[in-house]
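Each chain is listed here by its residues.
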Amino acid sequence: MTLLETERVAVPALRRGTEPRRRRRSAAGYLFVAGYTLLLLAFGVFPTGYSFYLALTNDRGQFTGLNQFVKVAQDYRFLPAFGHMLVYLALWLVTLVVLVVLVAVVLRSRVSSGMSALLRFLYYLPGALAGVASVLVWLFMLDPDVSPVSWLLESMGMHTFAAVLTPGNLPLILMLIAFWTGAGGWMVVMYGALNNIPDEVLEAARMDGAGPWRTAWHIQIPMIRQWIVYMTILAFATGTQLFVEPQLLQTASLGRVSPTWSPNQLAYVYAFQQGDFNGAAAISVCLLVVGLLAAGLLVARSNLFTLDEK
């Protein structure tokens, strides 16, 4: 048998041997994502679809178009709730992006590996607390009668717990709680993203005379831009769902904080105090639309899902 004839026989046989292995790998991949897909459908897609159904109908199941949205938009509590949320989001996102990226760059460039690992662990610890526990810690910290930093609160003219929880202070207080609980995990993520930058690139920048800050601004931050955008999108989505923190502050302050301070709280009042699930669904859909628009804008402007050309 000639060499050409041998190849003609061997190649189809080799292909037949690889096809079962490919099918097994393909089946394993589908099986691996099946659990997540089922959970996504059960707790994501179907509830969202049901919310749209409720928002477009009345309590008798009759289609009413945009009437539910008009009704909640005319509620005197609607615009203040969304205004509070937007002020909080502005403080939260700016603080998160600036400080997380700054700390990650410093840990990567200016701190020894052993100390950097210790600091990352300490930064991450607050994130291990549940949201309720975090609020309880901050209730202790914000009460001038028991707080270890009462001298700082009193120096700012806040001598009582009621003075601390004035409406004008709430966005800042909620931002501090969110940053304390969530920033540490993102610092670890950004540190990992910075570690993916080749050392040759950083060495070339140093040879060209770039100092630490120019290297960070012109090389490191642009190279982790997609990670920063990803963090911003998830932080924005989390911020729009603000509920536990203002709700507990409202309870602890004996009603000094509005029970409809955030849109989620307003939706809760509609659903469980007024029995208006259709109005609550309309508020939820409004929040979803705001989140999707913000995410779409960030993705479009940052080319988040664009693959690098090889």
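For the structure, check the block above.
Residues numbered from 1 in each chain as written. Predicted model: local features only at pLDDT ≥ 70, side-chain atom pairs only at ≥ 80, totals over all residues. Heavy atoms only, no water.

Asks: Got a minute to help me understand the overall build of the protein in this structure?
Replies: Along its length, the protein carries 14 helices and 0 strands. Counted from the first residue to the last, the protein has its helices and strands arranged as α-α-α-α-α-α-α-α-α-α-α-α-α-α. For the protein, the proportion of its 310 residues judged to be buried stands at 35%. For the protein, contacts bridging at least 24 residues in sequence account for 66% of all contacts bridging at least 6. As presented, the protein carries roughly 18,900 Å² of accessible surface, and 67% of it is formed by carbon and sulfur atoms. (Helix = DSSP H or I, 4+ residues; strand = E, 2+ residues; numbered from the N terminus. Buried < 20%, exposed > 50% of the residue type's maximum accessible area, 1.4 Å probe, protein only. Contact = heavy atoms within 4.5 Å. Areas by Shrake-Rupley, 256 points an atom, 1.4 Å probe, with all protein chains shown as cover.)

Asks: I'm lost on the environment of Tyr-53 in this one. Help?
Replies: Turning to its location among the elements, Tyr-53 is positioned in helix H1 (residues 3-55). Along the primary structure Tyr-53 and Ala-281 are separated by 228 residues, whereas in three dimensions their C-alpha atoms are 8.5 Å apart.

Asks: What am I meant to see in helix H11 (residues 225-240) here?
Replies: It helps to recall that an α-helix has 3.6 residues per turn; residues three or four apart then point in one direction. Taking 1.5 Å per residue, 16 residues should reach 22 Å; H11 reaches 23 Å between its end C-alpha atoms and fits that length. What H11 keeps buried is the set Ile-228, Val-229, Met-231, Thr-232, Ile-233, Ala-235, Phe-236, Gly-239 and Thr-240. Of the surrounding secondary structure, the elements contacted by the buried residues of H11 are helix H3 (78-110), helix H8 (170-195), helix H10 (212-223), helix H13 (263-272) and helix H14 (277-302). (Expected span 1.5 Å × (residues − 1).)

Asks: Any chance you could explain the packing of aromatic side chains here in plain terms?
Replies: The geometry of two aromatic rings is summed up by the distance between their centres and the angle between their planes. This structure, assessed with the given rule, holds 8 aromatic pairs. Look at Phe-78 and Phe-82: their rings are 4.6 Å apart centre to centre, the planes differ by 40 degrees, and that puts the pair in the tilted class. With Phe-78 and Phe-82 both in helix H3 and 4 residues apart, this pair spans about one turn of that helix. Assessed through its relative accessible area of 10%, Phe-78 is described here as buried. Given the relative accessible area of 11%, Phe-82 is considered buried. Measuring from ring centre to ring centre gives 5.2 Å for Tyr-268 and Phe-272, while their planes differ by 45 degrees; the resulting arrangement is tilted. With Tyr-268 and Phe-272 both in helix H13, this residue pair falls 4 residues apart, about one helical turn. Residue Tyr-268 is classed as partly exposed on the basis of its relative accessible area of 33%. Take Phe-272: its relative accessible area is 58%, and that puts it in the exposed class. (Phe/Tyr/Trp six-rings, centres within 6.5 Å; stacked < 30°, edge-to-face > 60°.)

Asks: What is the right way to look at a nonpolar patch on the surface in this model?
Replies: A grouping of Tyr-36, Leu-38, Leu-40, Leu-41, Val-45 and Phe-46 is seen on the molecular surface, where their side chains present a nonpolar patch of about 610 Å² in accessible area. With respect to the secondary-structure elements, Leu-40 resides in helix H1. Using a relative accessible area of 38% as the deciding quantity, one classes Leu-40 as partly exposed. (Patch = residues over 30% accessible without salt bridge, like charges linked within 9 Å, V, L, I, M, F, W, Y side chains within 5 Å. Salt bridge = Lys/Arg side-chain N within 4 Å of Asp/Glu carboxyl O.)

Asks: Help me understand the packing of helix H9 (residues 199-207) against H10 in this model?
Replies: How two helices sit against one another is set out by the angle between their axes and by the gap between those axes. Following both chains from N to C, one finds H9 and H10 inclined at 160 degrees, their axes separated by 11 Å at the closest point. As summarised for this structure, H9 and H10 are arranged roughly antiparallel, according to the angle between their axes. Crossing of H9 over H10 shows right-handed handedness. The segment H9 lies against H10, with Val-201, Leu-202 and Ala-205 engaging Thr-215, Ile-219, Gln-220 and Met-223. Here the contact of H9 with H10 is composed, by residue class, of 5 nonpolar, 2 polar and no charged. (Axes fitted to C-alpha atoms, helices over the stretch in contact; angles between N-to-C directions. Parallel < 35°, antiparallel > 145°, perpendicular 65-115°, else oblique. Left-handed = near helix turned anticlockwise from the far one by under 90°. Nonpolar A, V, L, I, M, F, W, Y, C, P; charged D, E, K, R; others polar.)

Asks: Could you clarify how one ought to interpret the nonpolar core in this entry?
Replies: Generally speaking, a soluble globular protein has its nonpolar side chains buried in company with each other. Judged by nonpolar contacts, the single largest core of 65 residues is most densely connected at Tyr-88, Trp-92, Leu-96, Val-100, Met-190 and Leu-249. Sequence-distant contacts of Val-100, that is, excluding residues within four places in its chain, are made with Thr-95, Ala-183, Trp-186, Met-187, Met-190 and Met-231. (Core = buried A, V, L, I, M, F, W, Y, C linked by side-chain atoms within 4.5 Å.)

Asks: What's the story with the pattern of salt bridges in this structure? I'm lost.
Replies: Note on pairing: side chains with opposite charge can pair once their charged atoms come close. A full pass over the atoms with the stated rule returns 5 salt bridges. Measuring nitrogen to oxygen at the nearest pair gives 3.5 Å for the salt bridge that ties Arg-108 to Asp-199. Taken together, the positions of Arg-108 in helix H3 and Asp-199 in helix H9 put the pair 91 residues apart, joining distant regions of the chain.

Asks: Would you mind showing me how to read the side chain of Thr-95 here?
Replies: On the secondary structure map, Thr-95 appears in helix H3. A polar side-chain atom of Thr-95 sits 2.7 Å from the main-chain carbonyl oxygen of Leu-91. In contact with Thr-95, other than residues within four places in its own chain, are Val-100, Met-175 and Phe-179. (Polar contact = N/O pair within 3.5 Å; in protein donor to acceptor, adjacent residues only side chain to side chain.)

Asks: Would you mind showing me how to read the environment of Ala-104 here?
Replies: The topology assignment puts Ala-104 in helix H3. Non-local contacts of Ala-104, meaning those with residues more than four positions away in its chain, are made with Met-187, Met-190, Tyr-191 and Leu-194.

Asks: Looking at this model, I keep getting lost on the side chain of Gln-220. Mind explaining?
Replies: Relative to the helices and strands, Gln-220 is located in helix H10. The exposure class assigned to Gln-220 is buried, which follows from its relative accessible area of 1%. Filtering out sequence-adjacent residues up to four positions away, Gln-220 remains in contact with Val-105, Arg-108, Ser-109, Leu-194, Ile-197, Leu-202 and Thr-215.

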